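Next come the chains, spelled out residue by residue.
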Amino acid sequence: MADQPHILLVDDERDIRDPLGAFLGKNGFRVTKADGAAAAREILAVHAIDIVLLDIMMPGEDGLSLARFIGATTGIPVILLTAKAEEMDRIIGLEMGPDDYVTKPFSPRELLARIKIVLRRAGGRDAPIVHAPDAEGFAFAGWVLRVGERELVDAGGVAVPLSTGEYNLLHAFVTHPKRVLSRDQLLDLSQGRELAAFERSIDNHISRLRRKVEEDASDPKLIKTIWGGGYMLSAEVRRV
């Protein structure tokens with residue numbers, strides 16, 4: 001599940017939300033559903049989402065307002081679901097920051113193809129999403145995290161031992177580089193939510209990880225603290 005792209009589907013119509021969520025789940029995606037903007041904001045604060053499917057016309061806060069918030073605060077790609085076909089509405093919608101749109105009624109297979117295109121495009125952006133269950137390793141800032149061996153190797157080929165918690169955290173960072181991740185999102189990505197002790201000591205795990213990868217752990221340049229947000233791996237990451 002952790003290696004499946006995570007979709008947030010936001011639509012107030014259950015007749016659309018539930019069957020579409022089931023279809024996407026059968027096609028290799030992890031889907032979390034929300035019936036409005038308020039629920040979506042709560043989900044975004046807790047889960048590491050890779051792409052948002054967002055209905056424009058919803059009661060309360062509409063989809064354009066939520067798309068503006070997502071674009072300004074997270075960089076997560078957004079595909080708008082809209083019943084409005086007028087060209088001006090499309091232009092206004094795209095100016096809010098979405099990466100694509102589809103007009104209702106739409107073909108689920110067409111939407112699936114658009115999701116895959118947007119995710120591939122996102123992989124080359126400033127805040128790329130890297131899903132690589134078959135990758136042998138991830139290289140960043142002179143380090144290589146080897147997935148099969150679950151170990152960290154420096155530029156000289158020397159392995160640096162990692163605890164399970166440290167490895168899981170680092171794996172979360174290298175698969176979501178340049179993305180601000182809250183503590184809850186890190187728990188979600190690192191599959192540590194069931195470990196109460198891990199949740200209480202996540203900052204300690206970060207501190208220990210910094211002592212292993214930073215030149216100066218007291219002035220971290222790779223794993224940055226984003227005040228009020230969480231943590232972010234600032235380095236470029238590539239598959240090796």
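Just above sits the structure.
Residues numbered from 1 in each chain as written. Predicted model: local features only at pLDDT ≥ 70, side-chain atom pairs only at ≥ 80, totals over all residues. Heavy atoms only, no water.

Considerations on the packing of helix H6 (residues 164–175) against helix H9 (residues 202–213)
The N-to-C vectors of H6 and H9 enclose an angle of 80°; their axes lie 10 Å apart at closest approach. One element, H6, and the other, H9, form an angle in the roughly perpendicular class. Where H6 approaches H9, its residues Gly-165, Glu-166, Leu-169, Leu-170 and Phe-173 are matched on the opposing element by Ile-202, His-205, Ile-206, Arg-208, Leu-209 and Lys-212. Split by residue class, the contact of H6 with H9 holds six nonpolar, two polar and three charged. (Axes fitted to C-alpha atoms, helices over the stretch in contact; angles between N-to-C directions. Helix = DSSP H or I, 4+ residues; strand = E, 2+ residues; numbered from the N terminus. Parallel < 35°, antiparallel > 145°, perpendicular 65-115°, else oblique. Contact = heavy atoms within 4.5 Å. Nonpolar A, V, L, I, M, F, W, Y, C, P; charged D, E, K, R; others polar.)

Examining the sheet that holds strand S12 (residues 238–239)
Across the sheet, which stays open at both edges, the five strands sit in the order S9-S8-S7-S6-S12 with antiparallel pairing between neighbours. Strands at the two margins of the open sheet, each flanked by one partner only, are strand S9 (159–160) and S12. (Pairing = 2+ DSSP bridges.)

Some points on the packing of aromatic side chains
Considering all chains together, one arrives at zero aromatic pairs under this definition. Arg-41 extends its terminal NZ or CZ atom over the ring of Phe-69, reaching a point 4.0 Å from the ring centre. (Phe/Tyr/Trp six-rings, centres within 6.5 Å; stacked < 30°, edge-to-face > 60°. Lys NZ or Arg CZ within 6 Å of the ring centre and 35° of its normal.)

Re the sheet that holds strand S1 (residues 6–10)
Sheet architecture is open: five strands sit in the order S2-S1-S3-S4-S5, paired in parallel fashion. Taken across any chain shown, the strands that pair with only one partner, and hence form the sheet edges, are strand S2 (30–34) and strand S5 (100–103). This sheet shows a mean twist of 20° between the axes of neighbouring strands, independent of strand direction. Strand direction decides the pairing type here: S1 and S2, joined by five bridges, are parallel. Its bridge partner being in S2, His-6 is matched across the sheet by Arg-30. Sheet strands in contact with helix H1 (residues 14–26) are S1, S2 and strand S3 (51–55), and its direction is about 165° off that of S2.

Things to note about the side chain of Asp-11
Structurally, Asp-11 can be placed in the loop between S1 and H1. For Asp-11, a relative accessible area of 0% corresponds to the buried category. Reaching out from Asp-11, the side chain makes a polar contact with the side chain of Lys-104 at a distance of 3.0 Å. Those residues in contact with Asp-11 that lie beyond four places of it in its chain are Ile-16, Arg-17, Ala-34, Asp-35, Asp-55, Met-58, Leu-81 and Lys-104. (Buried < 20%, exposed > 50% of the residue type's maximum accessible area, 1.4 Å probe, protein only. Polar contact = N/O pair within 3.5 Å; in protein donor to acceptor, adjacent residues only side chain to side chain.)

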